[in-house]
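Each chain is listed here by its residues.
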Amino acid sequence: TGSQWNVAELEDAAHRHLISPAEELAKLGTSGGRTLFTSADGIYITDSRGRRMIDGPAGMWCTQVGYNCKPIADAIAAQALRICYNSPWYSLNGPSAGLARRIAEFAPGDLNHVFFTTGGSSAVDSALRFMQFFNNVLGRPSKKTIICRIDGYHGSTHLTAACSGRAGNRPNFDLEMDNVTFISAPNRYRHPQGGDEAAFLEFLVAEFEERIESLGPQNIGAFLAEPVLASGGVIVPPKGYHRRFLEICRKHDILYISDEVVTGFGRCGEWFASEPAFDIVPDIITFAKGVTSGYVPLGGFVISDAVLGRISGENAKGSAYTNGYTYSGHPVSCAAALANIEVIEQGGLLAHVREVAPYFQEQLRKLGEIPLVGDVRGIGLLGCVECATDPHSQAATDFDKAVAARIDRLCYENGLIVRPIGSMCVLSPALIIKKEEIDTMISILRESIEKVQ
Ligand code: PLP
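Please read these numbers as outputs of a predicted model, since none were measured by experiment.

**Student:** Tell me about the site of the ligand, and please be specific about residues and values.
**Tutor:** The local shell around the ligand holds 16 residues, among which G119, G120, S121, G155 and V261 are the closest. When residues of the shell around the ligand are assigned to their parent elements, the largest contribution, three residues, is made by helix α5 (residues 120–137). Taken together, the residues that form the shell around the ligand break down as seven nonpolar, seven polar and two charged.

In structure tokens form, the structure reads like this:
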């Protein structure tokens, strides 16, 4: 375990003292609970009982280059010893400047300025705070409403949680924000209008335009969207969706914020999915997770020259953009990110994803033939199998969720970690995964579903 405590003592300490980000309070202080992982290597992770498994979700959609990557660990150690911290308020460090330059190089279009945060929630929160600041500086203080999607997920700060439309995250959190409004998730499988792709797109576009019309474009500051709704169930929108929504945003001077916390850094075979996969150059892209492959926390947003230029340089008015994180551009995190980018480049991992992802999608879709499976979807190395015991039901039932949880347990016993989200089994393996390992992953999932069937 790397400490003076043994496994039993650590598990006991966790149950007694550690509050997890999804804590079952009824279990707090009891002995049941979470798995303790003790080591990991490549796409594999080993638990305290010595069971080695494929880590299907790559942590939480984040360990892009896999575990135990020495160049990243070395870069972290070297930077910690060279200079572990400097105040970003008054000074610079080399890794953050170098990383900003690298991100500007591969971000689409004129997205050339980077603000660093500590993770995905703070990245989205900061982008939204920027939108608020931007419109106040431009002298239009009413233009602040954020249009979000049902089933979107953007984080756990007050503002980003308010912008997240997943009902399951809301019970007992009811300090509402007035400036947030939700439109449909582009979920063809579950939405009553979802049958025909082209007609569904028109429905979604009309809904967006109507919302803008009814609230007044002068009151709307941003459209916030994941290119693919990740935690909402790997929902890939109809073809042309992002392009159409961007055009509408441009027409009304609404900032288009693309939340690429999950889709960025190779998950869809490019640095960012906005371009070319979804053919858009948004105003702001938020990122986190894969930027360091999860080795240390880091997030941020990259913003276009066009937008920033409207309130900077000769257009700047008065106050500074104060969004002051102690750890903005943390040198150790940025050094890890630079090493991570180098590993991705030297390993040709973007091209590798473009090669193996179609195979992954093809194999995953074959699971659709099992009667218990209602839908299979995905893009790049993001995949989801949705269980539906009643194929005609509009919503997942508690029974469907119990089925998915049982599939998850069976997978675990057979050497695969799957991320259960409600009635869905979600996979987003490390980018280094090979075709044979995809085969193993899919066959464990198939056997587990068939056993439950
Ligand atoms: N945005 C998206 C799309 C996410 O999926 C997540 C987390 O899963 C976040 C933001 C929040 O990131 P973090 O958990 O690093 O704060």
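**Student:** Go over the packing of helix α12 (residues 398–413) against helix α13 (residues 435–452) with me, naming the residues and quoting the values.
**Tutor:** Packing of α12 against α13 brings their axes to within 9 Å, and their N-to-C directions diverge by 130 degrees. Between α12 and α13, the angle falls in the class oblique. Between α12 and α13 lies a crossing of right-handed hand. Contacts from V403, R406, I407, L410 and C411 in α12 reach I444, L445, S448, I449, K451 and V452 in α13. Per-class residue counts for the contact of α12 with α13 are eight nonpolar, one polar and two charged.

**Student:** Account for the domain arrangement of the protein chain, with residues named and values stated.
**Tutor:** Domain boundaries in the protein chain define domain 1 (35–68 + 349–452) and domain 2 (72–346). The C-alpha-based centres of domain 1 and domain 2 are spaced at 26 Å. Listed as interface residues are 28 residues of domain 1 and, on the opposing side, 24 residues of domain 2. Those elements that provide at least two residues to the side of domain 1 that touches domain 2 are α2 (58–61), α11 (349–365), β11 (373–379), β12 (382–387) and β15 (424–427). The element contributing the most residues to the side of domain 1 that touches domain 2 is α11, with five residues.

**Student:** Account for α13, with residues named and values stated.
**Tutor:** Compared with the 26 Å implied by 1.5 Å per residue over 18 residues, the 26 Å span of α13 between its first and last C-alpha is a close match. When we look at burial in α13, the residues that qualify are I438, M441, I442, I444, L445, S448 and I449. Seen end-on, α13 carries its buried residues on one side only, within an arc spanning 155 degrees. Those residues of α13 that are exposed and aimed more than 90 degrees away from the buried face are K435, E436 and K451.

**Student:** An account of the sheet that holds strand β2 (residues 44–47) is requested, with residue identities and associated values reported.
**Tutor:** Sheet strands pair via backbone hydrogen bonds, and the direction of the pair is either parallel or antiparallel. Strand order in the open sheet made by the four strands is β1-β2-β3-β13, with mixed pairing throughout. Strand pairing shows two members of the sheet lacking a second neighbour, β1 (37–41) and β13 (416–417), which therefore form its edges. Note: β2 against strand β3 (residues 52–55), three bridges, orientation antiparallel. When the sheet's bridge partners are listed, I45 is paired in β3 with M53.

**Student:** I'd like to hear about helix α8 (residues 241–251), residue by residue, with values.
**Tutor:** Within α8, the full set of buried residues consists of Y241, H242, F245, L246 and C249. Projection of α8 onto a plane perpendicular to its axis shows the buried side chains occupying an angular sector of 120 degrees, all on one side. Exposed residues pointing more than 90 degrees away from the buried face of α8 are listed as R243, E247, R250 and K251. Contacts from the buried residues of α8 go to α7 (197–215), β7 (220–225) and β8 (255–259).

**Student:** Run through unusual backbone geometry, naming residues and quoting values.
**Tutor:** Along the chain, E275 connects to P276 via a cis peptide bond; the corresponding omega equals 5 degrees. Following the sequence through the fold, P276 ends up in the loop between β8 and β9 (284–287). In this structure, V234 takes a positive phi of about 50 degrees despite not being glycine. Residue V234 is classed as buried on the basis of its 24 C-beta neighbours within 10 Å.

Here is what the cut-offs are and how they apply
Residues numbered from 1 in each chain as written. Predicted model: local features only at pLDDT ≥ 70, side-chain atom pairs only at ≥ 80, totals over all residues. Near = placed C-beta within 6 Å. Helix = DSSP H or I, 4+ residues; strand = E, 2+ residues; numbered from the N terminus. Nonpolar A, V, L, I, M, F, W, Y, C, P; charged D, E, K, R; others polar. Axes fitted to C-alpha atoms, helices over the stretch in contact; angles between N-to-C directions. Parallel < 35°, antiparallel > 145°, perpendicular 65-115°, else oblique. Left-handed = near helix turned anticlockwise from the far one by under 90°. Contact = placed C-beta atoms within 7 Å. Domains from an automatic or database assignment. Expected span 1.5 Å × (residues − 1). Buried ≥ 20, exposed ≤ 12 C-beta atoms within 10 Å, placed from the backbone. Arc of directions from axis to C-beta. Pairing = 2+ DSSP bridges.

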